[in-house]
Amino acid sequence: MTVYGNFPGSRPRRLRTTPTMRRMVAETRLDAANLILPAFVREGVDAPVAISAMPGVQQHTLDTLRKAAVDAASAGVSGIMLFGVPEDEKKDGRGTAGTDPDGILQVALRAVREEVGDDLVIMSDLCLDEYTDHGHCGVLAEDGRVDNDVTLERYAEMAQVQADAGAHVVGPSGMMDGQVGVIRDALDQTGHEDVSILAYTVKYSSAFYGPFREAVGSSLRGDRKTYQQDPANSRESMRELALDLEEGADMVMVKPAGPYLDVLAKVAESVDVPVAAYQISGEYSMIEAAAEKGWIDRDAAIMESLTGIRRAGAQMILTYWATEVAQRLARR
């Protein structure tokens, strides 16, 4: 036998011989505690509504949301991120329903907090897009562009009502300049110093958001390219990261996850705060659709995709499979 380098003495395959061996030497471990469940709650329905573009995911009623929260907590999932879906007639140019104490998201926050208390970290999406009749993440100026600074005033109001309703964490996702600092000030000035901010620090303008638009009943006209990041850019992400940390972010997020693992790894290597990644609707739907066609092994693909996100540096992963995967991990 010809000897090449250290072969045949060096054989990495020795550490792959059995499932137990592979588990013992695994460098990356996925745990239920790493997982956060995104969940949608819809106003004005008496039964959950299936989301056609996201098989297995639904817009909840308050009752089914309560059950989903209990199931997630029982499975060991760490958090739940809530998105409100208001009735269409309640949408307006300023997203008023988003700051109404009796708006659907605030009602849902109170319901989940009542149901699970501190057994789940209850997170709220802090953005106007679900509540505006134009579907953008902020208030529009006369020229049709999103007015950054006027929008910040609305975000400050949202932070207060969401915290009042019981959110442990607010997640500003609108990618407005200065949003973290304004929200931190609003929380601190209203006695909510203990409410954390999970900053959507790196949020790209992505084609993979498509199914999410159905999930939240989006009224979007146009696109969000003037405020969400250009997928071609990476250094820009590090600038956003530095600004969010300076403004007081407690945790930071990269979204989407799978197509931006390189960015996720850079962020994770650069900070001393917890890092999250959001496995978004398009990532979910691609795996579900391919599995339905019989083209891939669904369960294996789910676990591989989540392990890759974890390996890239995410301590927390928002995924629509959170409860299912947590239950599977418990059976191992």
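Description of the structure in this document. Every chain is numbered independently, its residues counted from 1 as its sequence is written. Where local features are concerned, this predicted model is filtered to residues with pLDDT of at least 70; where side-chain atom pairs are given and counted, the filter is 80 or more; whole-chain, interface and lining totals use all residues. To get the side-chain values, take all heavy atoms of the structure and skip hydrogens and water.

**Points about the packing of aromatic side chains**
Part 1 of the reasoning: Aromatic rings from Phe, Tyr and Trp, with only the six-membered ring used for Trp, were paired whenever their centres fell within 6.5 Å, and each pair was classed as stacked if the ring planes differed by under 30 degrees, edge-to-face if by over 60, and tilted otherwise. As enumerated under the stated definition, the model contains six aromatic pairs in all.
Part 2 of the reasoning: The interplanar angle of 5° and the centroid separation of 4.0 Å between the aromatic rings of Tyr204 and Tyr260 together place this pair among those described as stacked. Highlighted residues: Tyr204 in the loop between strand 7 (196-203) and helix 6 (210-215) and Tyr260 in the loop between strand 8 (251-255) and helix 8 (261-270), separated in sequence by 56 residues.
Part 3 of the reasoning: Here Tyr204 falls in the buried class, since its relative accessible area comes to 0%. Think of it this way: any DSSP run of H or I at least four residues long counts as a helix, any run of E at least two long counts as a strand, and we number them from the N terminus. In this scheme, a residue with accessible area under 20% of its type's maximum is buried, one over 50% is exposed, and one in between is partly exposed, where area comes from a 1.4 Å probe on protein chains only.

**Re the pattern of salt bridges**
Part 1 of the reasoning: Salt bridge, as used here, is a side-chain nitrogen of Lys or Arg placed within 4 Å of a carboxyl oxygen of Asp or Glu. Under the criterion given, the structure shown has 16 salt bridges.
Part 2 of the reasoning: Across the salt bridge formed by Asp102 and Arg110, the nearest N and O atoms sit 3.5 Å from each other.
Part 3 of the reasoning: By relative accessible area, Arg110 is classed as partly exposed at 34%.
Part 4 of the reasoning: Here Arg154 ties to Glu157 by a salt bridge, and the two come within 3.0 Å at their closest N and O atoms. Here Arg154 and its partner Glu157 are both found in helix 4 (residues 148-164), three residues apart, which amounts to about one turn of the helix.
Part 5 of the reasoning: Each of Glu288, Arg298, Asp299, Glu324 and Arg328 takes part in a single network of salt bridges with overlapping partners.

**Brief notes about helix 4**
Each turn of an α-helix holds 3.6 residues, which means side chains three or four residues apart point in the same direction.
Part 1 of the reasoning: Expected span of a helix: the number of residues minus one, times 1.5 Å. Taking 1.5 Å per residue, 17 residues should reach 24 Å; helix 4 reaches 24 Å between its end C-alpha atoms and fits that length.
Part 2 of the reasoning: Listed in full, the buried residues belonging to helix 4 are Asn148, Thr151, Leu152, Arg154, Tyr155, Ala156, Met158, Ala159, Val161, Gln162 and Ala163.
Part 3 of the reasoning: Among the structural elements, helix 3 (104-116), strand 5 (121-126), strand 6 (169-172) and helix 5 (179-189) are those in contact with the buried residues of helix 4.
Part 4 of the reasoning: The opening residue of helix 4, the one whose side-chain oxygen lies 3.3 Å from the backbone nitrogen of Asp149, is Asp147.
Part 5 of the reasoning: At the C-terminal side of helix 4, Gly166 shows a positive phi close to 120°. Contacts: residue pairs with any heavy atoms within 4.5 Å of one another. We call two N or O atoms a polar contact when they sit within 3.5 Å, provided that within protein one can donate a hydrogen and the other can accept it, with sequence-adjacent residues counted only if both atoms are side-chain atoms.

**As for helix 11 (residues 322-331)**
Part 1 of the reasoning: All of the buried residues in helix 11 are Ala322, Thr323, Val325, Ala326, Arg328 and Leu329.
Part 2 of the reasoning: Considering only its buried residues, helix 11 is in contact with strand 1 (35-42), helix 2 (62-75) and helix 10 (298-311).

**Examining the side chain of Gln162**
Part 1 of the reasoning: Its location among the elements puts Gln162 in helix 4.
Part 2 of the reasoning: Those residues in contact with Gln162 that sit more than four places away from it in its chain are Leu105, Gln106, Leu109, Ser124, Asp125, Leu126, Ala167 and Val170.

**Observations regarding the pairing of strand 7**
Part 1 of the reasoning: Buried residues dominate strand 7, accounting for seven of its eight residues.
Part 2 of the reasoning: In this structure, strand 6 lies alongside strand 7, joined through two bridges in parallel fashion. In the sheet register, Val170 faces strand 7, and the bridge partner there is Ile197.
Part 3 of the reasoning: Pairing analysis gives four bridges linking strand 7 to strand 8, with the strands arranged parallel. Residue pairing across strands places Leu198 opposite Met251, the latter belonging to strand 8. In this scheme, strands are said to pair when DSSP sees at least two bridges between them.

**Overview of the environment of Gly76**
Part 1 of the reasoning: With respect to the element layout, Gly76 can be found in the loop between helix 2 and strand 4 (79-85).
Part 2 of the reasoning: On the accessibility criterion, Gly76 (34% relative accessible area) is partly exposed.
Part 3 of the reasoning: Sequence separation of Gly76 and Ala277 is 201 residues, and the distance between their C-alpha atoms is 18 Å.
Part 4 of the reasoning: With near-sequence residues (within four places) excluded, Gly76 lies in contact with Ala32 and Ala33.

**Points about a nonpolar patch on the surface**
Part 1 of the reasoning: Patch members must show over 30% relative accessible area and no salt bridge, and they are joined within 9 Å when carrying like charges or within 5 Å when they are nonpolar side chains of Val, Leu, Ile, Met, Phe, Trp or Tyr. The Shrake-Rupley method, run with a 1.4 Å probe sphere, supplies the accessible areas, and residue values consider only the shown protein chains as cover. On the surface, Leu15, Met24 and Val25 cluster together into a nonpolar patch covering about 280 Å² of accessible area.
Part 2 of the reasoning: Relative to the assigned elements, Leu15 resides in the segment before helix 1 (19-24).

**Brief notes about the environment of Met176**
Part 1 of the reasoning: The topology assignment puts Met176 in the loop between strand 6 and helix 5.
Part 2 of the reasoning: The class for Met176 is buried, based on a relative accessible area of 6%.
Part 3 of the reasoning: For Met176 and Gln189, which are 13 residues apart along the polypeptide, the C-alpha to C-alpha distance reads 21 Å.
Part 4 of the reasoning: Setting aside residues up to four positions removed in sequence, Met176 forms contacts with Val146, Asn148, Thr151, Leu152, Tyr155 and Tyr227.

**Overview of the nonpolar core**
Part 1 of the reasoning: Counting 99 residues, the largest nonpolar core has Phe40, Ile80, Leu82, Tyr155, Tyr278 and Val325 as the members making the most contacts within it.
Part 2 of the reasoning: In contact with Tyr155, not counting residues within four places along its chain, are Leu126, Cys127, Leu128, Cys137, Gly174, Met176, Gln179 and Ile183. The nonpolar core is taken to be a set of buried Ala, Val, Leu, Ile, Met, Phe, Trp, Tyr and Cys residues, with the residues joined through side-chain atoms within 4.5 Å.

**Observations regarding unusual backbone geometry**
Part 1 of the reasoning: Note the cis peptide between Phe7 and Pro8, where omega equals 15°.
Part 2 of the reasoning: As for its position among the elements, Pro8 is in the segment before helix 1.
Part 3 of the reasoning: Note that the residue after Lys255, namely Pro256, is joined by a cis bond; omega there is -5°.
Part 4 of the reasoning: Tracing the sequence through the fold places Pro256 in the loop between strand 8 and helix 8.
Part 5 of the reasoning: The residue Met175 is not glycine, and still its phi comes out positive at about 60°.
Part 6 of the reasoning: Mapping Met175 onto the fold places it in the loop between strand 6 and helix 5.

**As for the environment of Leu30**
Part 1 of the reasoning: With respect to the helices and strands, the residue Leu30 is situated in the loop between helix 1 and strand 1.
Part 2 of the reasoning: For the pair Leu30 and Leu15, spaced 15 residues apart in sequence, the C-alpha separation works out to 20 Å.
Part 3 of the reasoning: When neighbours within four sequence positions are excluded, Leu30 is seen to be in contact with Leu35, Met303, Leu306, Arg310, Ile317, Val325 and Leu329.

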